[in-house]
Amino acid sequence: MRPKLVAANWKMHGSRAMTAQLLGALRDRPPRCEVAVFPPFPYLAQAVELAGQAVSIGAQDVSAHAQGAYTGEVSAAMLADFGARWVLVGHSERRQYHHEDDVLVTAKLERALEQGLSPILCVGETLAERERGEAEVVLARQLATPLHLLGERAADLTIAYEPVWAIGTGRTATAAQAQDAHAFIRSQFAARDAKLSRLIRVLYGGSVKAANAADLFSQPDVDGGLVGGAALDADEFLAICAAAR
Ligand code: PGA
């Protein structure tokens, strides 16, 4: 049985006050499922301090380099030093706006794993790719390089299936579309390691809200969610967590 995980990706939103308010709400009303919160870098230390037992903290990105002259970058060692447990890698906004490719994404996964962080590898197709019938080709491609280069270390990954057309658009994948994609992602692990394919957690992301969370999370291969916009409202996010049983 894979325990459900609900992750809050705040993206470039927030303030010290919002960090205190949202983490305070999670401390006062601890969710029953596992919860990970991903604030912007400047709020990580505050978030780690305020997170109660029920919540762990992660970063939205990490450098592909271990250390050195890389102005503006944040290393995996620094994240671990501040008590971060998780890191998002390969989010579609990083792939789209910062031209991150599968090789760079894999280097980031390697740096994160070296420091004992738990990476959430984000994959997903664009609307044009889905309409061309290429969704599975894209997912297979985005998984191939990390699975090949990480080998046995892939066991420490969590995957987030985030169809780009569903992110921030209000257009959620149907539960059946999510289930199909998650089963396909699991099959990519099965080709290498049958046991791992049963253990690996695959989260759904893309316009998850309280109204659709229970339906999505009830699918057999959906192990929780990566929540953007709806994670900025404590009541809405707690309702999504409550759907993850
Ligand atoms: P959304 O974002 O819930 O606002 O669609 C999800 C994500 O990008 O992780």
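The structure this text deals with has already been given above.
Report follows, based on the coordinates. (Residues numbered from 1 in each chain as written. Predicted model: local features only at pLDDT ≥ 70, side-chain atom pairs only at ≥ 80, totals over all residues. Heavy atoms only, no water.)

1. Describing the overall build of the protein
Thought 1: Broken down by element type, the protein carries 11 helices and 8 strands.
Thought 2: Taken against the 2.2 N^0.38 rule, which gives 18 Å for 245 residues, the C-alpha radius of gyration of the protein at 17 Å falls within 12% of a compact globule.
Thought 3: Taken over the C-alpha atoms alone, the protein extends approximately 45 × 45 × 35 Å along its principal axes.
Thought 4: Here the protein holds 245 residues, and the buried ones make up 54% of them.
Thought 5: For the protein, the proportion of contacts with a sequence separation of at least 24, taken over those separated by at least 6, is 71%.
Thought 6: Carbon and sulfur atoms make up 52% of the accessible area of the protein, which amounts to about 11000 Å² in all. (Helix = DSSP H or I, 4+ residues; strand = E, 2+ residues; numbered from the N terminus. Rg over C-alpha atoms; globule rule 2.2 N^0.38 Å. Buried < 20%, exposed > 50% of the residue type's maximum accessible area, 1.4 Å probe, protein only. Contact = heavy atoms within 4.5 Å. Areas by Shrake-Rupley, 256 points an atom, 1.4 Å probe, with all protein chains shown as cover.)

2. Things to note about unusual backbone geometry
Thought 1: In the Ramachandran plot, Lys 11 falls in the positive-phi region, its phi being about 55° despite a non-glycine side chain.
Thought 2: Within the fold, Lys 11 resides in the loop between β1 (5-9) and α1 (16-28).
Thought 3: At Ser 207, a position not held by glycine, the phi torsion is positive, near 55°.
Thought 4: Its place among the elements puts Ser 207 in the loop between β7 (202-205) and α10 (210-217).

3. So, the state of the cysteines
Thought 1: Under the counting rule described, the total for this entry stands at 0 disulfides.
Thought 2: Cys 33 forms no disulfide, and the closest cysteine sulfur to it belongs to Cys 241, at a distance of 4.5 Å.
Thought 3: In this model Cys 122 remains outside any disulfide bridge; the closest cysteine sulfur is found in Cys 241, 17 Å from its own.
Thought 4: For Cys 122, a relative accessible area of 2% puts it in the buried group. (Disulfide = S-S within 2.5 Å.)

4. Structural notes on the site of the ligand
Thought 1: Taken together, 13 residues surround the ligand, and among them Lys 11, His 91, Glu 162, Gly 168 and Ser 207 come closest.
Thought 2: At a separation of 2.7 Å, an oxygen atom of the ligand approaches a polar side-chain atom of Glu 162.
Thought 3: Between an oxygen atom of the ligand and a main-chain N or O atom of Gly 228, the distance comes to 2.8 Å.
Thought 4: Calculation on the ligand without its partners gives an accessible area of 280 Å², and the protein chains cover 95% of this total.
Thought 5: Taken together, the residues of the shell around the ligand break down into 4 nonpolar, 7 polar and 2 charged. (Near = heavy atom within 4 Å. Polar contact = N/O pair within 3.5 Å; in protein donor to acceptor, adjacent residues only side chain to side chain. Nonpolar A, V, L, I, M, F, W, Y, C, P; charged D, E, K, R; others polar.)

5. Describing empty space enclosed by the protein
Thought 1: One pass over the structure, following the stated rule, counts 1 cavity of 30 Å³ or more.
Thought 2: Size it by volume and the largest cavity reaches roughly 50 Å³.
Thought 3: Lining the largest cavity are Ala 8, Trp 10, Leu 22, Ala 25, Leu 26, Val 37, Ala 231, Ala 234 and Phe 237.
Thought 4: When residues of the lining of the largest cavity are assigned to their parent elements, the largest contribution, 3 residues, is made by α1.
Thought 5: A breakdown of the residues in the lining of the largest cavity according to their chemical character gives 9 nonpolar, no polar and no charged. (1 Å grid on protein atoms, 1.4 Å probe; cavity = no way out; pocket = protein on both sides within 12 Å on 5 of 7 lines; lining within 4 Å. Points joined across faces, edges and corners; volume = space filled by probe spheres on them.)

6. A closer look at the side chain of Arg 201
Thought 1: Relative to the elements of secondary structure, Arg 201 occurs in the loop between α9 (194-199) and β7.
Thought 2: In contact with Arg 201, not counting residues within four places along its chain, are Arg 2, Pro 3, Lys 4, Leu 5, Glu 34, Trp 86, Thr 158, Ile 159 and Asp 223.

By themselves, these observations are geometric and do not establish any function.
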